[in-house]
Amino acid sequence: MFARCPRGFALAVATCISAMFAVASAHADMKTCQALDQRYEQIERGATTLEVNAMLFSAADKGCEPLAKKLLDADASLEARDGRGFNPLARAAKSGQKEIVALFLDRGAQIDARSLEGGTALYEAAENGRLPIVRQLVDRGANISLAGRSGITPLAAAAYMGSEPIVELLIEKGADPKVMDKTEKTAIVYAAGRGFPDIVGLLLDRGVDINARYGNDLTVLMWAAGYSDEAGTQDMEKVIKLLLDRGARIDDQDNRGRTPLMIAAELNHTVAVDLLLARGADKGLRDKQGKSAADLTTLTALREKLAATQ
């Protein structure tokens, strides 16, 4: 069956499309769970511990709660680990299975169990934008400070993915936005470099120093000027404007002597260059190798603009 679509304007159409996808997804999960249940019935009598635990991981991924209960009753282990060292709880958290998460916690799953890279169920939920699961785990006592791979915290993982509600929730629950990971970056660096102005503003409002230095003496403005390819230019323009409006020093230099303008020029980020110039960036500054912003760009038009006299 398809969801019936209300007639009306764009909002109604969007609501209809969303409803149809939800119905289709529910049907797909139901079919998957039925198939998993049938598969387990076929192997149940002679199933090894390994097979039972493997089925539990599958049930966790797909949200098959009745099957998960049956498997737990058959002594499936909540301490089992997959190839990356995640337990069934982390797998359920990653895929957004709220009922399964509750079931596993009620049955004694270790809420802060860590994978081979250090990630917890909370980290997986934060990284995958699972707000209800993040809230559920935090409410059940999950440690919000345990970092995953490269020392990245759940807060930083959420900032990287642009999940503002998760960032806000974790900060409200006491997560420290100033924690630096093993690559010497923090949540605001990821948010700025990937074009999430609302998260950048939120982190600044929570006391993050706008002119703090990170790895290689880079500032947040420098990271924004050298933004990731995944970021949209309009979003990056908003981020850079926000940082400048909030007091970011426009001509600070990193450990190579590069300014935000030089970084933007080297990456041929024309929009960033134009914005920085309009805000008064000094195009005459040179890095430690004696190169100016004009020397660093490969775009002729941009080089001419940067080389032109004031």
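See the structure shown above.
Residues numbered from 1 in each chain as written. Predicted model: local features only at pLDDT ≥ 70, side-chain atom pairs only at ≥ 80, totals over all residues. Heavy atoms only, no water.

Concerning the overall build of the chain
A tally of helices and strands in the chain yields 17 helices and zero strands. Relative to its length of 310 residues, the chain is extended, with a C-alpha radius of gyration of 24 Å against a globular reference of 19 Å. Burial analysis of the chain (310 residues in total) assigns 46% to the buried set. Contacts in the chain between residues far apart in sequence, at least 24 positions, make up 67% of those at least 6 positions apart. In the structure as shown, the chain presents an accessible area of about 15600 Å², 49% of it carried by carbon and sulfur atoms. One way to put it: in the chain the 39 positive side-chain charges average out to a point 2 Å from where the 42 negative ones average out. (Helix = DSSP H or I, 4+ residues; strand = E, 2+ residues; numbered from the N terminus. Rg over C-alpha atoms; globule rule 2.2 N^0.38 Å. Buried < 20%, exposed > 50% of the residue type's maximum accessible area, 1.4 Å probe, protein only. Contact = heavy atoms within 4.5 Å. Areas by Shrake-Rupley, 256 points an atom, 1.4 Å probe, with all protein chains shown as cover. Lys, Arg positive; Asp, Glu negative; His and termini not counted. Charge placed at Lys NZ, Arg CZ, Asp CG, Glu CD.)

Digging into the packing of aromatic side chains
Enumeration over the complete set of coordinates arrives at one aromatic pair. Judged by centre distance (5.7 Å) and plane angle (75 degrees), the ring pair of Tyr 160 and Tyr 190 falls under edge-to-face. Of the two residues, Tyr 160 sits in helix H8 (residues 154-161) while Tyr 190 sits in helix H10 (residues 187-193), which places them 30 residues apart along the sequence. A relative accessible area of 11% places Tyr 190 in the buried class. Over the face of the ring belonging to Tyr 160 we find Arg 194, whose NZ or CZ atom lies 3.9 Å from the ring centre. (Phe/Tyr/Trp six-rings, centres within 6.5 Å; stacked < 30°, edge-to-face > 60°. Lys NZ or Arg CZ within 6 Å of the ring centre and 35° of its normal.)

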